[in-house]
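Chain residues, written in single-letter form:
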Protein chains: 2
Amino acid sequence: MTSHKEESLPSVSSAEWEVIETLWDNGPLAARDVFAALPAGHGWAYKTVKTLLSRLVAKGAVDYQQVGNSYLYRAVYSRDQMTHKEVKGFVERVLDGASLPILARLIEREDLSDDQIADLRRLLAEKERKSLGKEERRPR
Amino acid sequence: MTSHKEESLPSVSSAEWEVIETLWDNGPLAARDVFAALPAGHGWAYKTVKTLLSRLVAKGAVDYQQVGNSYLYRAVYSRDQMTHKEVKGFVERVLDGASLPILARLIEREDLSDDQIADLRRLLAEKERKSLGKEERRPR
DNA sequence: ATCTATAGCCTACGGGTGTAGGCGAAGTCA
DNA sequence: TGACTTCGCCTACACCCGTAGGCTATAGAT
């Protein structure tokens, strides 16, 4: 239950997102270690990663703590917070508020354990109970 | 049931998306009518809309038919196709690490009609049927 | 005390995007 | 048959983004 009311989380580009993911996955890291931790294969130069880190800092998505002559970079917001912001924006921008398509796609495509499936079904059942009777129609 | 196998649909920016939406919603339109049909309040100049239409044409997302001295613009791909592509890209870009929390949050917080809820439950039920017995654990 | 590898800082450059303006051709009204 | 209006085409410009390189200070190695 992360609190509601996160309004202006910084918005990060997609390369930046890859970088900040390494921080979410590995905790605070020096630039060099971020570089090392990135999934090999994207082919970025170290300098590129540095630039991305700096931009993330400039945007307030990442901060750092000086350790010796270098920085330990750390994600300011949780993955959950940032992801939710992105999802919300996406749902509004592309899906016109209709979250059904993305939900359906996620359900179809994700590996979900039986437990997880059960949890989601429980959530849906509860929601249905609470909402019986409201109709919502979007054109075409 | 949109067919699978749409690979390289053009990718449109978010302003462009708003424009092409008016074409999906209203069928082929002249630039002027696109402008008029846009939800009032975004504050674009007519020229801006023209630019966006031209860019959409350049990208192959929109084409036109000349009628008199002006064009009737028309979306080349269906909303469904384009939306699908966007959802796919988004899910890959942002949600690859942590889709479960997002699923849960979306289900809890979004408005879903009863029909939609039923659809999702159906999807989950089917998935559960297919996956019974496999255990899949993803880290954190 | 020097030298060198590395850190962070600042700069770059080409393409995309938001947001238009200018211009010449063509249709419309008087 | 002019005077406007409107079209589409081309251009602009600042900012973001992907993708780095150069410069300078400093931490370690010798």
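One can find the structure itself at the top, above this paragraph.
Residues numbered from 1 in each chain as written. Chains lettered and ligands numbered in written order. Predicted model: local features only at pLDDT ≥ 70, side-chain atom pairs only at ≥ 80, totals over all residues. Heavy atoms only, no water.

Chemist: How should I be thinking about the overall build of chain A in this particular structure?
Modeler: When its secondary structure is counted, chain A shows 6 helices and 3 strands. By the burial criterion, 42% of the 140 residues in chain A qualify as buried. In chain A, of all internal contacts separated by at least 6 residues, the share reaching a separation of at least 24 is 53%. Just so you have it, chain A exposes about 7900 Å², and 48% of that area is on carbon and sulfur atoms. (Helix = DSSP H or I, 4+ residues; strand = E, 2+ residues; numbered from the N terminus. Buried < 20%, exposed > 50% of the residue type's maximum accessible area, 1.4 Å probe, protein only. Contact = heavy atoms within 4.5 Å. Areas by Shrake-Rupley, 256 points an atom, 1.4 Å probe, with all protein chains shown as cover.)

Chemist: Sorry if this is basic, but what is going on with the pattern of salt bridges here?
Modeler: Here the idea is simple: oppositely charged side chains can pair when their charged atoms come close. All told, the structure shown has 18 salt bridges over all chains when counted by the stated rule. As a salt-bridge pair, A:Glu21 and A:Arg79 come within 2.6 Å of each other at their nearest N and O atoms. With a gap of 58 residues between them, A:Glu21 in helix α1 (residues 14–26) and A:Arg79 in helix α4 (residues 79–95) connect regions that are remote in the sequence. In terms of burial, A:Glu21 and A:Arg79 fall into one category: buried. B:Glu16 is paired through a salt bridge with B:Lys59; the nearest N and O atoms lie 2.5 Å apart. Here the residue B:Glu16 occupies a position in helix α1 (residues 14–26), and B:Lys59 occupies one in helix α3 (residues 46–59), the gap between them amounting to 43 residues. Exposure remark for B:Glu16: the relative accessible area of 3% places this residue in the buried category. The class of B:Lys59 is partly exposed, set by a relative accessible area of 36%. Counted as one network, the salt bridges with shared partners bring together A:Glu21, A:Asp25 and A:Arg79. (Salt bridge = Lys/Arg side-chain N within 4 Å of Asp/Glu carboxyl O.)

Chemist: Looking at this structure, I do not really get the pairing of strand β1 (residues 62–67) of chain B. What am I missing?
Modeler: Two faces make up the sheet, and in a regular strand the side chains alternate between them. The sheet contact formed by β1(B) and strand β2 (residues 70–75) of chain B spans 6 bridges and is antiparallel. The partner of B:Tyr64 across the bridge, within β2(B), is B:Tyr73. (Pairing = 2+ DSSP bridges.)

Chemist: Just to check I follow, could you spell out the protein's contact with DNA strand D for this structure?
Modeler: Near DNA strand D you find 22 residues, and of these A:Ser13, A:Trp44, A:Lys47, A:Thr48 and B:Arg32 are the closest. Of what DNA strand D places within 4 Å of the protein, 65% of the atoms are sugar or phosphate. Contact distances for DNA strand D include 2.5 Å between a phosphate oxygen and a side-chain N or O atom of A:Trp44. Of all the secondary-structure elements, those providing two or more residues to the surface near DNA strand D are α1 and α3 (46–59) of chain A together with α2 (31–37), α3 and β2 of chain B. Grouping the constituent residues of the surface near DNA strand D by class yields 7 nonpolar, 8 polar and 7 charged. (Near = heavy atom within 4 Å. Polar contact = N/O pair within 3.5 Å; in protein donor to acceptor, adjacent residues only side chain to side chain. Nonpolar A, V, L, I, M, F, W, Y, C, P; charged D, E, K, R; others polar.)

Chemist: When you look at unusual backbone geometry in this model, what are you seeing that I'm missing?
Modeler: Excluding glycine, residues mostly have negative phi values, and the peptide bonds linking residues are mostly trans. Phi is positive for A:Asp96, which is not a glycine, with a value near 55 degrees. On the secondary structure map, A:Asp96 appears in the loop between α4 and α5 (100–109).

Chemist: Looking at this structure, I do not really get the protein's contact with DNA strand C. What am I missing?
Modeler: Residues and elements named next belong to chain B. Neighbouring DNA strand C are 23 residues; Ser13, Trp44, Lys47, Thr48 and Thr51 lie closest to it. For DNA strand C, the fraction of atoms within 4 Å of the protein that belong to sugar or phosphate moieties is 61%. Interatomic distance of 3.1 Å between a backbone N/O atom of alanine 15 and a phosphate oxygen of DNA strand C. Interatomic distance of 2.9 Å between a side-chain N/O atom of arginine 55 and a base nitrogen of DNA strand C.

Chemist: How should α1(A) be read in this particular structure?
Modeler: Every α-helical turn comprises 3.6 residues, leaving residues that sit three or four positions apart pointing alike. Residue and element names in this part refer to chain A. Here α1 spans 19 Å end to end across 13 residues, near enough to the 18 Å set by a 1.5 Å rise per residue. Those residues of α1 lying buried are Glu16, Trp17, Val19, Ile20, Glu21, Thr22, Leu23 and Trp24. A positive backbone phi angle near 75 degrees is found at glycine 27, which sits one or two residues after α1. (Expected span 1.5 Å × (residues − 1).)

Chemist: Any chance you could explain the sheet that holds strand β2 (residues 62–67) of chain A here in plain terms?
Modeler: The strands making up a sheet are joined through hydrogen bonds of the backbone, oriented either antiparallel or parallel. Residues and elements named next belong to chain A. Pairing is antiparallel in the open sheet, where 3 strands are placed in the order β1-β3-β2. A strand with exactly one partner marks an edge of an open sheet, and here the two such strands are β1 (29–30) and β2. The strands touched by α1 within the sheet are β1, β2 and β3 (70–75), with β3 carrying the most contacts at an inclination of about 85 degrees. (Axes fitted to C-alpha atoms, helices over the stretch in contact; angles between N-to-C directions.)

Chemist: So what exactly am I meant to see when it comes to the nonpolar core here?
Modeler: Looking at soluble globular proteins, one finds that nonpolar side chains tend to be buried together. With 71 residues, the main nonpolar core has A:Leu23, A:Ile102, B:Leu23, B:Leu95 and B:Leu120 as its most contacted residues. Excluding its chain neighbours within four sequence positions, the residues that come into contact with B:Leu23 are B:Leu29, B:Val34, B:Leu53, B:Val62, B:Tyr73, B:Arg74 and B:Ala75. (Core = buried A, V, L, I, M, F, W, Y, C linked by side-chain atoms within 4.5 Å.)

Chemist: Explain the packing of α1(B) against helix α4 (residues 79–94) of chain B to me, please; I cannot follow it from the model alone.
Modeler: In a packed pair of helices, the relevant descriptors are the angle between the two axes and the axis-to-axis distance. All names here are of chain B. The N-to-C vectors of α1 and α4 enclose an angle of 150 degrees; their axes lie 11 Å apart at closest approach. Regarding the angle of α1 to α4, the classification is roughly antiparallel. Taking contact as the criterion, the partners of Trp17, Glu21, Trp24 and Asp25 in α1 are, on α4, Arg79, Met82, Thr83 and Glu86. Classifying every residue of the contact of α1 with α4 gives 3 nonpolar, 1 polar and 4 charged. (Parallel < 35°, antiparallel > 145°, perpendicular 65-115°, else oblique.)

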